[in-house]
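One-letter residues, chain by chain:
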Amino acid sequence: MEKIACTEEHRELLFNIPLFRDLPQNVKSTLLSRLDYQIFHINKKDEIARQGTPCKRLYVLLKGKLRADIIDGSGNEVMIEYINAPRAFATPHLFNTVDNRLPVTFTALEESILFTASRESTFKLISEEPNILRSFLCITGNCNKCTVSRLNVLSHKNVRDRFVAYLFEHKQSDSPQIQIMHNQVQLAEYLNVTRPALSKEINKMVKEGLINAEGKIIELLKGNHPGNYLL
């Protein structure tokens, strides 16, 4: 990680994230002067923060892509999510007074730009600006919702159960078609299964007339109840 100067491009990216996007111009114009911040250039494969370390700074990925992994109780590395810029991350842990240790390790998948601000200056800014407080609480709630969804998928034991849980987590309204977010390699990592096992199960479900699969589009053929697709 190499510390770099803040540019106008970095400012524009920072004000693109939900936490700061809708602020009035007078607040935006003074925001950086009110934060104890640093900006870093991150090389591919650099570890930004390690699981188990205290969260002492606000993290915002301005450019690039990160991978978040957790080491489970058996010592296995489990991919939790990909983080695409621009986005704040690890926000639920910043002000946790019980246990603010990071639950995952964040690693750069490509050259990236990272903005960080001290917990103390972030707290002061949030306490003085109700709009930022509101946005921060919304972001924290969304992060917790994503964590619950992720744990729900991993709570299932076999490949099909995890795949079906994933599909219904990403299903929109009553449409039988689901646009999945990952390619098959990424999806296998997300479900914590092998790619051949996932491919075999998807092909099996297609042959059973349960789904159609075209690239990242999955069409459900047996209605809107998850039980119709399980073994």
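(A) Examining the sheet that holds strand β12 (residues 217–220) more closely. Strand order in this open sheet of three strands is β10-β12-β11, and the pairing throughout is antiparallel. Both outer strands of the open sheet, β10 (177–179) and β11 (211–214), are each paired with one neighbouring strand and no more. For this sheet, the mean angle separating the axes of adjacent strands, direction not counted, is 20 degrees. The sheet contact formed by β11 and β12 spans four bridges and is antiparallel. The residue of β12 that forms the bridge with Glu214 is Ile217. The sheet strands contacting helix α5 (residues 159–169) are β10, β11 and β12, and the helix crosses β12 at an angle near 95 degrees.

(B) Quick look at the nonpolar core. In terms of nonpolar packing, the biggest core is built from 45 residues, with Leu14, Phe20, Leu31, Phe89, Phe106 and Phe115 touching the most fellow members. Apart from the residues lying within four places of it in its own chain, the contact partners of Leu14 are Phe20, Leu31, Leu32, Val60, Leu62 and Phe115.

(C) Focus on the packing of α5 against helix α7 (residues 195–207). Taken N-terminus to C-terminus, the directions of α5 and α7 make an angle of 75 degrees; their axes are 10 Å apart at the nearest point. Taken together, α5 and α7 sit at an angle that is classed as roughly perpendicular. In contact with Val159, Arg160, Phe163 and Val164 of α5, α7 contributes Ala197, Leu198, Glu201, Ile202, Lys204 and Met205. Partitioned by chemical class, the residues of the contact of α5 with α7 number seven nonpolar, no polar and three charged.

(D) Layout of the packing of aromatic side chains. Here the structure, examined in full by the defined rule, presents seven aromatic pairs. Here Tyr37 and Phe115 contribute two aromatic rings whose centre-to-centre distance is 5.4 Å and whose plane-to-plane angle is 15 degrees, an arrangement assigned as stacked. In this pair, Tyr37 sits in strand β2 (residues 37–42) while Phe115 sits in strand β9 (residues 112–118), placing the two residues 78 residues apart along the sequence. For Phe115, a relative accessible area of 1% puts it in the buried group. Considering the side-chain rings of Phe95 and Phe136, the 5.5 Å spacing of their centres and the 55 degrees angle between planes classify their relative orientation as tilted. Here Phe136 lies in helix α4 (residues 130–154) and Phe95 lies in the loop between β7 (87–89) and β8 (105–108), a separation of 41 residues in the sequence.

Rules behind the numbers
Residues numbered from 1 in each chain as written. Predicted model: local features only at pLDDT ≥ 70, side-chain atom pairs only at ≥ 80, totals over all residues. Heavy atoms only, no water. Pairing = 2+ DSSP bridges. Helix = DSSP H or I, 4+ residues; strand = E, 2+ residues; numbered from the N terminus. Axes fitted to C-alpha atoms, helices over the stretch in contact; angles between N-to-C directions. Contact = heavy atoms within 4.5 Å. Core = buried A, V, L, I, M, F, W, Y, C linked by side-chain atoms within 4.5 Å. Buried < 20%, exposed > 50% of the residue type's maximum accessible area, 1.4 Å probe, protein only. Parallel < 35°, antiparallel > 145°, perpendicular 65-115°, else oblique. Nonpolar A, V, L, I, M, F, W, Y, C, P; charged D, E, K, R; others polar. Phe/Tyr/Trp six-rings, centres within 6.5 Å; stacked < 30°, edge-to-face > 60°.

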